[in-house]
Structure formats: C-alpha cells, structure tokens
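If you want the building blocks of each chain, they are given just below.
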Amino acid sequence: MHSNQTLTYYDQNAVDFCENTFHADMSETRGKFLTLVKPAGSILDFGCGSGRDSLYFKEAGYQVDAIDGSIELCRLARQLTGIPVRQMLFEDFAENDRYDGIWACASLLHLSEEVLGEVAAQLLKALHPGGILYASFKYGSGERDRKGRHFLDMDEKLAEEVFVRGNGFYPVDCWITRDVRPGRGEEKWLNLLMKKQDP
C-alpha cells in the first residue's frame, strides 16, 4: 500500500470495512476472471481485504494465497477463510512463476503511480506464462488523499502506459462498472484483465 496513513486507516476501520464490502456482488467480475484461469489453478488474492474473494476462490476449488498490508484485515481474513493470509506491503512482494491468476480487486489503487509500475513488474514475474491479472481502480485520473487513504485513479490511457507499454502485459479486456455497494452507484470503476504472454 502507498502510505502508513492508508494502512492505519484500514487497521482502525477493519471491521466496518469488512462489513461494508463483504456482501458486494462481485460474481460477474469473478466469473470473467475465472473463465481465463485454469480449473483448480493457483490464485493470489493481492490485497485481500476481508477475504471475501479468497473464500469464494477456495470454495470453487482453486489453490489460494492471500496477502494484505493491514494487520487487522489479515487477521479478519484468516478467520473467514482459514487461509494463512500474509501481511506485507505490496512493494515488498516478490515471487517468480508461481500463479495462474492474480486478483487485485480495489487494492493497487492505493499505490502512487511510480510505485504501481514497480509492483506491476513484480506481478508479471509472479504469473506463470499465460497467467491472468485482474485489477480494478476508481475511474478517473490523478492522485488524491481522501478521508485518510491515498488513491490513484485510473483511465484507459494510464492503464495502457503502466501495464501494457510499461510492463508488457497483454490486454484481454477493459470495462467500466458502477460501484456495487448500496448508495455508491454513481461511482465508476475501471476493470482490467491482462495476460502474461507465453514466451
């Protein structure tokens, strides 16, 4: 995550955050992602929050790893999923050729643009050839701080700069959705599916 301030926010508001996001209907987006990941494959939930999606992937028969920067969110996600969720900063993540899919739902948006480029490079390394990355950002442009959290908003142009031209991901799909949480329908999200090319 981008800053200690953002992590402090999640540590202090972990229970409320989990309650507010746990029932968000991500079924359509998860379905798109899973059609591209091999059955029973390995998935990393990168910034797992409550553990909502890790639990879904686990129950659907995938091999799931999960990480988050917030100590408290890791604790709650462990309770929910039974998975040994690892607490780490996103910029400290380093794996090679390990996952069929990486799910980064509303997590990378807390990084600065500069750090995002570096983390995207690590995510590419962590995927098997042909592996899939899903990432979502609030739709827009620029960086901002809001109520104790740092946000990097994303549009199609910046997504191409960071992921495709900057790191060599192959774009599979890009679409905009409305926020699925109650009362947040006016907020738009940019959804990205990208592939690590076979060598």
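Read on for an overview of the structure.

Quick notes on the rules
- Position numbers for residues start from 1 in each chain and track the written sequence from start to end.
- For a predicted model such as this one, the threshold for reporting local features is a pLDDT of at least 70, and the threshold for listing and counting side-chain atom pairs is 80 or more; totals across whole chains, interfaces and linings nevertheless cover every residue.
- Just so you know, side-chain values use all the structure's heavy atoms and leave hydrogens and water out.
- Only one rule defines a salt bridge in this text: a Lys or Arg side-chain nitrogen within 4 Å of an Asp or Glu carboxyl oxygen.
- Numbering of helices and strands runs from the N terminus; a helix is a DSSP stretch of H or I covering at least four residues, while a strand is a stretch of E covering at least two.
- Relative accessibility under 20% of the residue-type maximum defines a buried residue, over 50% an exposed one, and the middle range a partly exposed one, all with a 1.4 Å probe and only protein chains included.
- By convention a nonpolar core is built from buried Ala, Val, Leu, Ile, Met, Phe, Trp, Tyr and Cys residues, the set being connected through side-chain atoms within 4.5 Å.
- Throughout, a residue-residue contact means that at least one pair of heavy atoms, one from each residue, lies within 4.5 Å.

A word on the pattern of salt bridges. What the rule picks out here adds up to 11 salt bridges. The partner of lysine 157 in a salt bridge is glutamate 161, with the nearest N and O atoms 3.1 Å apart. Placement of both lysine 157 and glutamate 161 in helix H7 (residues 156-165) is noted, with a separation of four residues, approximately one turn of the helix. Since its relative accessible area comes to 59%, lysine 157 is described here as exposed. The partly exposed category is assigned to glutamate 161, whose relative accessible area is 30%. Between glutamate 160 and arginine 165 there is a salt bridge; the shortest N-O distance is 3.3 Å. Glutamate 160 sits in the partly exposed class, given a relative accessible area of 39%.

This part takes up the nonpolar core. The tendency in soluble globular proteins is for nonpolar side chains to be buried as a group. In this structure, Phe46, Leu108 and Phe163 are the most contacted members of the largest nonpolar core, which totals 35 residues. Residue assignment for this core shows that the elements contributing at least two residues are strand S1 (42-46), strand S4 (99-104), helix H6 (113-126), strand S5 (127-138), strand S7 (149-153), H7 and strand S9 (188-195). Residue contributions to this core peak at seven residues, all from H6. Not counting the four nearest positions on each side in its chain, leucine 108 is found in contact with Phe46, Phe90, Leu116, Val119, Leu123, Ala135, Phe137 and Phe163. Residues Ile43, Trp103, Trp175 and Leu193 belong to the second largest nonpolar core, which totals 15 residues.

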